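Given next are the chains, with one letter for each unit.
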Amino acid sequence: MGIGGGIFLIAVGAILAFAVHVEPAWLDLNVVGWVLMLAGTSALLITMWYWKDRRNRALGPMDVVDETRLAHPAAPLGADSEIEIRHPPAPPG
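As the structure is a prediction and not an experimental result, all values here were calculated from the model. (Residues numbered from 1 in each chain as written. Predicted model: local features only at pLDDT ≥ 70, side-chain atom pairs only at ≥ 80, totals over all residues. Heavy atoms only, no water.)

Asks: Please clarify how the overall build of the protein chain should be interpreted in this entry.
Replies: In terms of regular secondary structure, the protein chain is built from two helices and two strands. The secondary structure elements of the protein chain, listed N-terminal to C-terminal, are α-α-β-β. Counting only residues that meet the buried cut, the protein chain has 15% of its 93 residues in that class. Put simply, 37% of the contacts in the protein chain that link residues at least 6 apart link residues at least 24 apart. Just so you have it, the protein chain exposes about 8100 Å², and 67% of that area is on carbon and sulfur atoms. (Helix = DSSP H or I, 4+ residues; strand = E, 2+ residues; numbered from the N terminus. Buried < 20%, exposed > 50% of the residue type's maximum accessible area, 1.4 Å probe, protein only. Contact = heavy atoms within 4.5 Å. Areas by Shrake-Rupley, 256 points an atom, 1.4 Å probe, with all protein chains shown as cover.)

This is how it looks when you write it as structure tokens:
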């Protein structure tokens, strides 16, 4: 269903529960609205849990690389492709 479907169910449920004042004899629109809001909330939570779990599996553990070196994009890969960054000395005081 996804995030959009969950938000849609919450919105329709809120409209039915709080804004519609029609009372048909065979249906309680207030209860239908609350059920739709709960279904939308559960759809949102399940979708976010699924995407969080998927993102964690896709990224895997990330290693920190030496932050003082950058690879030049035009240079071929290898030992010569790294450029050392030199920071200017701090001002006295």
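Asks: Please explain the packing of aromatic side chains as it appears in this structure.
Replies: Taken as a whole, this structure holds two aromatic pairs when the rule is applied. Centre to centre, the rings of phenylalanine 18 and tryptophan 34 are 5.6 Å apart; their planes meet at 85 degrees, and the pair counts as edge-to-face. Pair noted here: phenylalanine 18 is in helix H1 (residues 2-19) and tryptophan 34 is in helix H2 (residues 29-59), with a separation of 16 residues, a long-range link. A relative accessible area of 43% means that tryptophan 34 is categorised as partly exposed. With centroids separated by 5.6 Å and ring planes inclined at 75 degrees, the aromatic side chains of tyrosine 50 and tryptophan 51 adopt a geometry described as edge-to-face. (Phe/Tyr/Trp six-rings, centres within 6.5 Å; stacked < 30°, edge-to-face > 60°.)

Asks: Honestly, a nonpolar patch on the surface in this entry has me stumped. Any pointers?
Replies: Residues Trp49, Tyr50 and Trp51 make up a contiguous nonpolar surface patch of about 400 Å² in total accessible area. As for its position among the elements, tyrosine 50 is in helix H2. Its relative accessible area of 41% is what places tyrosine 50 among the partly exposed residues. (Patch = residues over 30% accessible without salt bridge, like charges linked within 9 Å, V, L, I, M, F, W, Y side chains within 5 Å. Salt bridge = Lys/Arg side-chain N within 4 Å of Asp/Glu carboxyl O.)

Asks: I'm lost on H1 in this one. Help?
Replies: Given 3.6 residues per helical turn, the α-helix brings residues three or four places apart onto the same face. Its 18 residues give H1 an end-to-end C-alpha distance of 25 Å, which sits within 8% of 26 Å, the value for a rise of 1.5 Å per residue. Taken together, the buried positions of H1 are occupied by Gly2, Gly6, Leu9, Gly13, Leu16 and Ala17. Taken down its axis, H1 places every buried residue within 100 degrees of arc, on the same side. In H1, the exposed positions angled more than 90 degrees off the buried face are occupied by Gly4, Phe8 and Phe18. (Expected span 1.5 Å × (residues − 1). Arc of directions from axis to C-beta.)

Asks: Could you clarify how one ought to interpret the confidence of the model for the protein chain in this entry?
Replies: Reading fine detail from the predicted coordinates is not recommended where pLDDT is low. Looking at the protein chain as a whole, the pLDDT averages 78, with 61% of positions reaching at least 70. The least confident element of the protein chain is strand E1 (residues 69-71), whose mean pLDDT is 56; the most confident is H1, at 92. (pLDDT = per-residue confidence, 0-100.)

Asks: When you look at the UniProt feature "transmembrane region" (unreviewed entry) in the protein chain in this model, what are you seeing that I'm missing?
Replies: Mapped onto this structure's residue numbering, the UniProt feature "transmembrane region" (unreviewed entry) falls at residues 29-51. Along residues 29-51 one finds 100% helix and 0% strand; the C-alpha atoms at either end are 33 Å apart. (UniProt positions renumbered as here; feature names shortened; annotations may be inferred.)

Asks: I keep staring at the environment of alanine 17 and nothing clicks. Help me out?
Replies: Relative to the elements of secondary structure, alanine 17 occurs in helix H1. The class for alanine 17 is buried, based on a relative accessible area of 14%. Along the sequence, alanine 17 and methionine 37 sit 20 residues apart, while their C-alpha atoms lie 9.0 Å from each other. Look past the residues within four positions of alanine 17 in its chain and what remains in contact with it is Leu29, Asn30, Gly33, Trp34 and Met37.

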